[in-house]
Number of protein chains: 2
Amino acid sequence: MNHRPAEEASWSRRFAGTGHRLTAQRRVIMRHLAGIRRYLTARELHARLARSHPRMGLATVYRTLEMLRELDLVASTPRGAGEAAYLYCAGDHHHHAVCTRCGRVDDVPCRSLPGFERMLSSSYQFRLTEHQLEFYGVCARCS
Amino acid sequence: MNHRPAEEASWSRRFAGTGHRLTAQRRVIMRHLAGIRRYLTARELHARLARSHPRMGLATVYRTLEMLRELDLVASTPRGAGEAAYLYCAGDHHHHAVCTRCGRVDDVPCRSLPGFERMLSSSYQFRLTEHQLEFYGVCARCS
DNA sequence: AGTACTATCGAGAATGATTCTCGATAGGTG
DNA sequence: CACCTATCGAGAATCATTCTCGATAGTACT
């Protein structure tokens, strides 16, 4: 649960720009997410914060995660039974390698995708605007 | 809504192998999916079949889509408000290019991914087992 | 073809994730 | 420091999906 002041300054600045208030709840949620390299559902996050912040409402967690997603500060992925899971994901565009054993997530830079883009453009006349890529496998620690 | 006997033979054979019964409802659902190149939610599919098959139950549509997904005959992707959308997707492994205007889906062969796999293996010591890739953009017809 | 066995079906209830409602609270601005 | 109002917490409401159960219809075997 490392707390990096530099990163915190980065997203707290982003809040100011959008007119959103930097409340205590949002700070707590953002700090927790930034300090953990795995996907968490709203319920899991709420449970983790229950000890230190017993009055934090589940609706607040959902609202905050949705807002962070809109600000591109977190990424979301669907999990098993119709649940969405969230991951801190600020900064430049990249992809994720998720370990299927321990759940740890590594960031993977977005290289060679231009190759796909060229192929889509030439062979399919498809103008690429967005893409979503997720890797699953076994990380170095679990091998 | 083209009905291709060759493809139908292909997935009807797959049913037999798994011990699942090839019921009238499953045939109707499979035919409809195979004849349309776009993602459909369970509700949308149920609504489309309502005219020709008024007695088709929504639960049957959900059950069938889930089974088809397990058999790798359809792919699913999350849509806006927590809904899952399904696409006919039999045959070899490939990816999808989804037009954000008309919703049409083109199949894209799975090339150059070995490049990603090599990078993950060498730089991250990550052994890739699965991946999920979806393209979004504007197709040739909509440009 | 006829029969038996049981997977599957339809309808509606149940479940569970997410969102909404509303009075209370607390950022942020002047 | 006070005001304005975005945000909060608690619980109700919503909505996609799954479950329950008696009825139906594939499939295997005669």
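What you are looking at is a predicted structure, and each value in this text was computed from that prediction instead of being measured.

Trainee: Sorry if this is basic, but what is going on with helix H2 (residues 24-34) of chain B here?
Mentor: Residues of H2(B) that are buried include every one of B:Val28, B:Ile29, B:Met30, B:His32, B:Leu33 and B:Ala34, and no others. Of the surrounding elements, those touching the buried residues of H2(B) are helix H1 (5-18), strand S1 (40-41), helix H3 (42-50), helix H4 (58-70), strand S2 (74-79) and strand S3 (83-88) of chain B.

Trainee: Can you walk me through the pairing of strand S5 (residues 105-109) of chain A in this structure?
Mentor: If a strand is regular, its side chains alternate between the two faces of the sheet. All names here are of chain A. Where strand S4 (residues 94-99) meets S5, 5 bridges bridge the pair, whose relative direction is antiparallel. Pairing of Val98 across the sheet is with Val105, part of S5. Hairpin connection between S4 and S5: a loop of 5 residues separates the two successive antiparallel strands, and Gly103 in this loop has a positive phi of roughly 85°.

Trainee: What am I meant to see in the relation of the copies chain B and chain A here?
Mentor: Between the two copies of the chain lies a rotation about an axis combined with a shift along it. Mapping chain B onto chain A is achieved by rotating through 180° and translating by 0.0 Å along the same axis, at an RMSD of 0.1 Å. Taken together, the rotation and translation describe the operation of a two-fold axis. Residues of chain B ranked by C-alpha distance from the rotation axis are headed by B:Leu133, positioned 2.2 Å from it. The fraction of interface residues of chain B whose copies in chain A are also interface residues reaches 100%, indicating that both copies meet through the same surface.

Trainee: Is there a simple way to think about the protein's contact with DNA strand D in this case?
Mentor: The environment of DNA strand D is made up of 20 residues, and the closest members are A:Gln25, A:Arg26, A:Thr60, B:Arg43 and B:Tyr62. When the atoms of DNA strand D within 4 Å of the protein are sorted by group, sugar and phosphate make up 69%. At a separation of 2.9 Å, a phosphate oxygen of DNA strand D approaches a polar backbone atom of A:Arg55. Residue B:Tyr62 places a side-chain N or O atom 2.6 Å away from a phosphate oxygen belonging to DNA strand D. Broken down by secondary-structure element, the contributors of at least two residues to the surface near DNA strand D are helix H2 (24-34) and helix H4 (58-70) of chain A together with H4 and S3 of chain B.

Trainee: Looking at this structure, I do not really get the interface of chain B and chain A. What am I missing?
Mentor: Interface size is commonly expressed as the accessible surface area that is lost when the partners come together. Between chain B and chain A, the residue contacts involve 32 residues of the former and 32 residues of the latter. Together chain B and chain A conceal approximately 3,000 Å² of surface at their shared face, both sides included; 64% is due to carbon and sulfur atoms. Applying the counting rule to chain B against chain A returns 0 salt bridges. Here chain B is connected to chain A by 12 residue pairs in polar contact (both at pLDDT 80 or more).

Trainee: What is the right way to look at the domain arrangement of chain A in this model?
Mentor: Residues and elements named next belong to chain A. The domains assigned to chain A are domain 1 (5-88) and domain 2 (94-142). For domain 1 versus domain 2, the distance between C-alpha centres works out to 24 Å. With 6 residues of domain 1 at the interface, the matching set in domain 2 holds 9 residues. Where domain 1 abuts domain 2, roughly 590 Å² becomes buried across the two surfaces, and 41% of that area is made up of carbon and sulfur atoms. Looking at the side of domain 1 facing domain 2, the largest losses of area belong to Arg37, Arg38 and Tyr39, adding up to 71% of the total buried there. Counting across the interface, domain 1 meets domain 2 through 1 salt bridge. Among the ionic pairs, Asp107 bridges to Arg37, the shortest N-O distance being 3.1 Å. Its residues assigned to classes, the side of domain 1 that touches domain 2 comprises 3 nonpolar, 1 polar and 2 charged.

Trainee: What's the story with unusual backbone geometry in this structure? I'm lost.
Mentor: Comment: phi is negative for the bulk of residues other than glycine, and the bulk of peptide bonds are trans. All names here are of chain A. One non-glycine residue, Asp72, lies in the positive phi region at around 60°. Structurally, Asp72 is set in the loop between H4 and strand S2 (74-79). Its identity as a non-glycine residue notwithstanding, Gln125 has a phi of 50°, on the positive side. With a relative accessible area of 52%, Gln125 lands in the exposed category.

About the criteria used
Residues numbered from 1 in each chain as written. Chains lettered and ligands numbered in written order. Predicted model: local features only at pLDDT ≥ 70, side-chain atom pairs only at ≥ 80, totals over all residues. Heavy atoms only, no water. Buried < 20%, exposed > 50% of the residue type's maximum accessible area, 1.4 Å probe, protein only. Helix = DSSP H or I, 4+ residues; strand = E, 2+ residues; numbered from the N terminus. Contact = heavy atoms within 4.5 Å. Pairing = 2+ DSSP bridges. Least-squares fit on C-alpha atoms with pLDDT ≥ 70 in both. Near = heavy atom within 4 Å. Polar contact = N/O pair within 3.5 Å; in protein donor to acceptor, adjacent residues only side chain to side chain. Buried area = accessible area lost by both parts, 1.4 Å probe. Salt bridge = Lys/Arg side-chain N within 4 Å of Asp/Glu carboxyl O. Domains from an automatic or database assignment. Nonpolar A, V, L, I, M, F, W, Y, C, P; charged D, E, K, R; others polar.

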